[in-house]
Amino acid sequence: MARLTVMQLLPALDSGGVERGTLEIGEALVQAGHRSLVVSGGGRLVGPLEAMGSRHIRLPIGAKSPRVLLTVRKLRAAIEANKVQVVHVRSRLPAWIAWWALKKIDPRPRWVSTLHGLNSVSRYSEIMTRADRIIAVSESCMRYWLTHFPRLNPDRVVLIHRGIDPRKFPYGAQPAPEKVAQFRARLGIPKGRRILTLPGRVTESKGGNTLVNLVARLTVG
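Residues numbered from 1 in each chain as written. Predicted model: local features only at pLDDT ≥ 70, side-chain atom pairs only at ≥ 80, totals over all residues. Heavy atoms only, no water.

## A few points about the overall build of the chain
Across its full length, the chain holds eight helices and seven strands. Taking the principal axes of its C-alpha atoms as reference, the chain extends roughly 70 × 40 × 40 Å. A separation of at least 24 residues holds for 56% of the contacts in the chain among residues at least 6 apart in sequence. In the structure as shown, the chain presents an accessible area of about 14,000 Å², 55% of it carried by carbon and sulfur atoms. The centroid of the 36 positive side-chain charges in the chain is displaced by 5 Å from the centroid of its 14 negative side-chain charges. (Helix = DSSP H or I, 4+ residues; strand = E, 2+ residues; numbered from the N terminus. Contact = heavy atoms within 4.5 Å. Areas by Shrake-Rupley, 256 points an atom, 1.4 Å probe, with all protein chains shown as cover. Lys, Arg positive; Asp, Glu negative; His and termini not counted. Charge placed at Lys NZ, Arg CZ, Asp CG, Glu CD.)

Put into structure tokens, the structure is as follows:
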């Protein structure tokens, strides 16, 4: 197989499923003998990313400001200088920047997008459906996009379930007692009081309604 140069684009590398997936794809590319580039505004995961063999290019392509348009030319230059063959976008604003950057590149690299969630139905979101190939991370995600974006050709969508590394996220894992003690001390939670947590943003798509319903059913006393 010929060696490919693949560039992934996302707003930042701080934390989250998109960010973790970017690191994992980069590591897999390197292990397969390909060249992995990642463009983002930076973050605490840059070190681990580079330790896995990917190269990071710092560019604020996710900055929600008119100044983000200044990154189009810089991104185009990075794509051409590195002879990128596949551009993989993982977020809407970076996808728009990539769209404008790729328009003036000939021959144009292949363009891939990944649909990570149920974004708003809008022209802004529609940019994710313009890629040559589109990855949906779940069946519900795929159905949502095909339903709400009727111009999306199902033949261009491929379902690749989002997974985890069970070595890093073992099923049934429990936090160490000292970590729980530190958590209680930081938040002032008395010993013996039950703790109910939500691993994510408090939004409907992250299970916020389920959390509220659980709290409503708790017995006070």
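## Considerations on the layout of surface pockets
Empty space among the atoms becomes apparent when a probe as large as a water molecule is rolled across them. There is about 570 Å³ of room inside the second largest pocket. In this structure, the second largest pocket is lined by 23 residues; those nearest its centre are G21, E24, I25, A28 and R90. When residues of the lining of the second largest pocket are traced back to their parent elements, those giving at least two are α1 (17–31), β4 (86–89) and β5 (110–115). The element contributing the most residues to the lining of the second largest pocket is α1, with seven residues. Within the lining of the second largest pocket, the residues separate by chemical class into nine nonpolar, seven polar and seven charged. (1 Å grid on protein atoms, 1.4 Å probe; cavity = no way out; pocket = protein on both sides within 12 Å on 5 of 7 lines; lining within 4 Å. Points joined across faces, edges and corners; volume = space filled by probe spheres on them. Nonpolar A, V, L, I, M, F, W, Y, C, P; charged D, E, K, R; others polar.)

## Details of the pattern of salt bridges
For the structure shown, the criterion picks out four salt bridges. Ionic pairing is found between R108 and D132, a salt bridge with its closest N-O pair at 3.1 Å. Separated by 24 residues along the polypeptide, R108 in the loop between α4 (92–102) and β5 and D132 in the loop between α5 (123–126) and β6 (133–136) bring together distant segments of the chain. The salt bridge partner of R143 is E139, with a shortest N-O separation of 3.9 Å. Taken together, the residues R143 and E139, both in helix α6 (residues 139–148) and four residues apart, mark about one turn of the helix. The exposure class assigned to E139 is partly exposed, which follows from its relative accessible area of 43%. (Salt bridge = Lys/Arg side-chain N within 4 Å of Asp/Glu carboxyl O. Buried < 20%, exposed > 50% of the residue type's maximum accessible area, 1.4 Å probe, protein only.)

## Looking at the pairing of β5
Within a regular strand, the side chains alternate between the two sheet faces. Taking burial as the measure, the six residues of β5 include five buried ones, the bulk of the element. Here four bridges tie β4 to β5, and the two strands are oriented parallel to one another. Following the sheet pairing, V86 is matched in β5 by R110. Chirality of the crossover, the property in question, places the unit of β4, α4 and β5 among those that are right-handed. Where β5 and β6 come together, four bridges link them in parallel fashion. Residue T114 lies in a different strand from β6, and its bridge partner there is I135. (Pairing = 2+ DSSP bridges. Right-handed = clockwise from strand over helix to strand, strands pointing away.)

## Quick notes on the side chain of T5
The topology assignment puts T5 in strand β1 (residues 5–9). Classification of T5 as buried rests on a relative accessible area of 7%. If near-sequence neighbours (up to four positions away) are discounted, T5 is found in contact with R35, L37, N82, K83, V84, Q85 and V86.

## Looking at the packing of helix α3 (residues 71–81) against α4
Here α3 crosses α4 at 65°, and the two axes come no closer than 8 Å. In terms of orientation, α3 and α4 fall into the roughly perpendicular class. Helix-helix and strand crossings are classified by hand; for α3 and α4 the assignment is right-handed. Residues T71, V72, L75, R76 and I79 of α3 form the contact with α4, whose own contacting residues are I97, A98, W100, A101 and L102. Here the contact of α3 with α4 is composed, by residue class, of eight nonpolar, one polar and one charged. (Axes fitted to C-alpha atoms, helices over the stretch in contact; angles between N-to-C directions. Parallel < 35°, antiparallel > 145°, perpendicular 65-115°, else oblique. Left-handed = near helix turned anticlockwise from the far one by under 90°.)

## Some details on the packing of aromatic side chains
Evaluation of the coordinates by the stated rule reveals three aromatic pairs. Between W99 and W111, the aromatic rings sit 5.8 Å apart at their centres with planes inclined by 40°, giving tilted as the arrangement. Here W111 lies in strand β5 and W99 lies in helix α4, a separation of twelve residues in the sequence. Seen from the ring of W99, R130 lies directly overhead, with NZ or CZ sitting 4.8 Å from the centre. (Phe/Tyr/Trp six-rings, centres within 6.5 Å; stacked < 30°, edge-to-face > 60°. Lys NZ or Arg CZ within 6 Å of the ring centre and 35° of its normal.)

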